[in-house]
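# Understanding the architecture of this molecule
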Protein chains: 2
Amino acid sequence: MTELREGKAVMTTLGYALLALLAREPLTGYDLAQRMRRSTDFFWTARHSQIYPELTRMEAAGLLTHEVIRQTERPDKKRYTMTEAGYVALRAWLAQPVRPAPERDEMMLKTFCSWLIEPWEAAPIVRAREAEHTARQATYEAMLADLEQHPDVRNRRVSTPAFSSYATLRRGIQYERGYAEWCRWLAETLESADGQDGA
Amino acid sequence: MTELREGKAVMTTLGYALLALLAREPLTGYDLAQRMRRSTDFFWTARHSQIYPELTRMEAAGLLTHEVIRQTERPDKKRYTMTEAGYVALRAWLAQPVRPAPERDEMMLKTFCSWLIEPWEAAPIVRAREAEHTARQATYEAMLADLEQHPDVRNRRVSTPAFSSYATLRRGIQYERGYAEWCRWLAETLESADGQDGA
DNA sequence: GGACGCATGTAATAGGTTACATGATTAC
DNA sequence: GTAATCATGTAACCTATTACATGCGTCC
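Let us look at the structure shown here.

Rules behind the numbers
Residues numbered from 1 in each chain as written. Chains lettered and ligands numbered in written order. Predicted model: local features only at pLDDT ≥ 70, side-chain atom pairs only at ≥ 80, totals over all residues. Heavy atoms only, no water. Helix = DSSP H or I, 4+ residues; strand = E, 2+ residues; numbered from the N terminus. Contact = heavy atoms within 4.5 Å. Areas by Shrake-Rupley, 256 points an atom, 1.4 Å probe, with all protein chains shown as cover. Lys, Arg positive; Asp, Glu negative; His and termini not counted. Charge placed at Lys NZ, Arg CZ, Asp CG, Glu CD. Buried < 20%, exposed > 50% of the residue type's maximum accessible area, 1.4 Å probe, protein only. Polar contact = N/O pair within 3.5 Å; in protein donor to acceptor, adjacent residues only side chain to side chain. Phe/Tyr/Trp six-rings, centres within 6.5 Å; stacked < 30°, edge-to-face > 60°. Lys NZ or Arg CZ within 6 Å of the ring centre and 35° of its normal. Near = heavy atom within 4 Å. Salt bridge = Lys/Arg side-chain N within 4 Å of Asp/Glu carboxyl O. Pairing = 2+ DSSP bridges. Nonpolar A, V, L, I, M, F, W, Y, C, P; charged D, E, K, R; others polar. Buried area = accessible area lost by both parts, 1.4 Å probe.

### Regarding the overall build of chain A
- Each helix and strand counted, chain A has eight helices and three strands in total.
- If you line up chain A on its principal axes, its C-alpha atoms span 70 × 45 × 45 Å.
- Long-range contacts, defined as pairs at least 24 residues apart, comprise 57% of the intrachain contacts of chain A with a sequence gap of at least 6.
- Within the structure as shown, chain A displays about 10200 Å² of accessible surface, and the carbon and sulfur contribution to it stands at 51%.
- Counting 27 positive and 28 negative side-chain charges, chain A places the centres of these two groups 6 Å from one another.

### Side note on the side chain of threonine 45 of chain B
- Inspection of the secondary structure puts threonine 45 of chain B in the loop between α2 (29–37) and α3 (48–60).
- Look at threonine 45 of chain B and you get buried, because its relative accessible area is 8%.
- A distance of 3.5 Å separates a polar side-chain atom of threonine 45 of chain B from the backbone oxygen of glutamate 103 of chain A.

### Some thoughts on the packing of aromatic side chains
- A full pass over the atoms with the stated rule returns 15 aromatic pairs over all chains.
- Measuring from centroid to centroid gives 4.8 Å for phenylalanine 42 of chain A and phenylalanine 112 of chain B, while their planes differ by 80 degrees, and the two rings are edge-to-face. Placement of phenylalanine 42 of chain A in the loop between α2 (29–37) and α3 (48–60) and of phenylalanine 112 of chain B in helix α5 (residues 106–112) is noted, with the two residues assigned to different chains.
- Relative accessible area serves as the criterion here: at 2%, phenylalanine 42 of chain A is assigned to the buried category.
- Given a relative accessible area of 3%, phenylalanine 112 of chain B falls into the buried group.
- Ring centres of tyrosine 175 of chain A and tyrosine 179 of chain A lie 5.7 Å apart, and the angle between their planes is 75 degrees; on these two criteria the pair is classed as edge-to-face. In this pair, tyrosine 175 of chain A and tyrosine 179 of chain A are both assigned in helix α8 (residues 161–193), four residues apart and thus about one turn of the helix distant.
- The class for tyrosine 175 of chain A is buried, based on a relative accessible area of 16%.
- On the accessibility criterion, tyrosine 179 of chain A (1% relative accessible area) is buried.
- Every member of this aromatic cluster is reached through a ring pair, and the members are Tyr175, Tyr179 and Trp182 of chain A together with Tyr175, Tyr179 and Trp182 of chain B.
- When the ring centre of tyrosine 179 of chain B is taken as reference, the NZ or CZ atom of arginine 171 of chain A above it lies at 4.2 Å.

### As for the protein's contact with DNA strand C
- Near DNA strand C, the surroundings consist of 21 residues, among which Arg47 and Ser49 of chain A together with Tyr30, His48 and Lys78 of chain B are the closest.
- Take the atoms of DNA strand C that sit within 4 Å of the protein: sugar and phosphate atoms are 67% of them.
- Within the contact set of DNA strand C, a phosphate oxygen lies 2.6 Å away from a side-chain nitrogen or oxygen of tyrosine 30 of chain B.
- In the environment of DNA strand C, a phosphate oxygen lies 3.2 Å from a nitrogen or oxygen atom belonging to the side chain of arginine 104 of chain B.
- Contributions of two or more residues to the surface near DNA strand C are made by α3 of chain A together with α2, α3 and β3 (77–82) of chain B.

### Let's talk about the pattern of salt bridges
Residue and element names in this part refer to chain B.
- Evaluation of the coordinates by the stated rule reveals 28 salt bridges over all chains.
- Linking glutamate 132 and arginine 136 is a salt bridge whose minimum nitrogen-to-oxygen distance equals 3.9 Å. Linking glutamate 132 with arginine 136, this pair stays in helix α6 (residues 119–147), spanning four residues, or about one helical turn.
- The salt bridge partner of arginine 177 is glutamate 141, with a shortest N-O separation of 3.7 Å. Here arginine 177 is found in helix α8 (residues 161–193), whereas its partner glutamate 141 is found in helix α6, with 36 residues between them in sequence.

### A few points about the sheet that holds strand β2 (residues 64–69) of chain B
- Taken together, the three strands give an open sheet; going across it, the order is β1-β3-β2 (chain B), and neighbouring strands pair in antiparallel fashion. Every other strand in the sheet has two partners, leaving β1 (27–28) and β2 of chain B as the edge strands with one partner each.

### Points about the protein's contact with DNA strand D
- Close to DNA strand D lie 21 residues, the nearest being Tyr30, His48 and Lys78 of chain A together with Ser49 and Gln50 of chain B.
- When atoms of DNA strand D within 4 Å of the protein are sorted by moiety, sugar and phosphate together comprise 63%.
- Side-chain polar atom of glutamine 50 of chain B to a phosphate oxygen of DNA strand D: 2.7 Å apart, as the coordinates give it.
- Considered class by class, the residues forming the surface near DNA strand D number five nonpolar, nine polar and seven charged.

### What to know about the interface of chain B and chain A
- Counting from both sides, the interface comprises 72 residues of chain B and, opposite them, 72 residues of chain A.
- In total, about 7100 Å² of surface goes out of reach between chain B and chain A, with carbon and sulfur atoms giving 66% of it.
- On the chain B side of the contact with chain A, Glu103, Phe112 and Trp115 of chain B bury the most area, a combined 12% of that side's loss.
- Connecting chain B to chain A are four salt bridges.
- The salt bridge partner of arginine 99 of chain B is glutamate 106 of chain A, with a shortest N-O separation of 3.1 Å.
- Scanning the region where chain B abuts chain A turns up 25 residue pairs in polar contact (both at pLDDT 80 or more).
- Those elements that place two or more of their residues in the side of chain B that touches chain A are α1 (13–22), α4 (84–95), α5, α6 and α8 of chain B.
- No other element matches α8 of chain B, which puts 21 residues into the side of chain B that touches chain A.
- A class-by-class count of the residues in the side of chain B that touches chain A yields 38 nonpolar, 15 polar and 19 charged.

Rendered as structure tokens:
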């Protein structure tokens, strides 16, 4: 049996994020980097500079294998495929409880000291965030509309990749909608309070 | 004029988080560490090992000063107070747009590959998260009830620390409620799907 | 007697970002 | 010509966590 952690190579969350994507289809490091750059539909981000070394480490640990795809018009690429050991590791991780994540939200931090600036100064920043969240909500909703057509989603076949994507998307939409709503409330409060409440 | 960044000491977000707390009242490193350990009511976390050196750096940059409070029964402590330069720096940061934060949510990551395990295996993990978010929602709601008694909040005096705390708390509650709701939906779907949808 | 709270610090390591590096093809 | 996409990698740096370190007083 090939052991997973030889020297001191313990799995990182990034590693599991890569496995999460590779569990669905074989991908190259470049593909993975693209999916992890902007967190649309996916909930973990990383740059290629972090991904390439991680893939190498994971392959050394026996969780992945790769095949080189030679190309003439473009650079050659490595397509990574999960091994059985990879699936075992991912399933083992899934069964473990979720570790509480440290909350770090710059918008909230600014809101916390928004009393230091004038309402008319603060309001536009809040409005900008509102627009961002509303836009992302719209993007997610379009993706959801597509996914809802999928038979696995319609039939609530929960043990399918399509349903899992559907579940995360629902949370994404809820998150963006909620954030946008809160921004709207705060912006309106700041705007209406402006004038009658000086520094 | 005392310059803020002499060598290469640029402000970090942690620095602003510390200023955000110190803008309300002078505090010791220990006090700050306590407020930043668990993100109840506050939205930035850090350990004391990160806080103490940062305070030293910020004082060197002229944003803070400290006075030693001698104690006999307990160790002496340093109480940090913001300087005018500190307020200027914090306000300047506040006026800048919020940088988009990388989304990293382990629960979402697990949901994304929940199709790999049986519904009856996934459901308890989701239920555990639901309980956590519901509990935090309750904590925040109790804090909100208190804050709503505050005259600055009742009169919508937005340029007060009390109102700023109120605004962040509202978002906190909304966040926890939303997350809990989504967990409930997912858990129920997984539980009801169990049996009629095998691997 | 041992754990916990007060109170401050440093050192080692892990995790993540930015920048450096290369090189072909395609689109404006 | 200039930028963008494809494709992979390394190096330097910054941020954050874990662990090490000290020492007194109180509570169980």
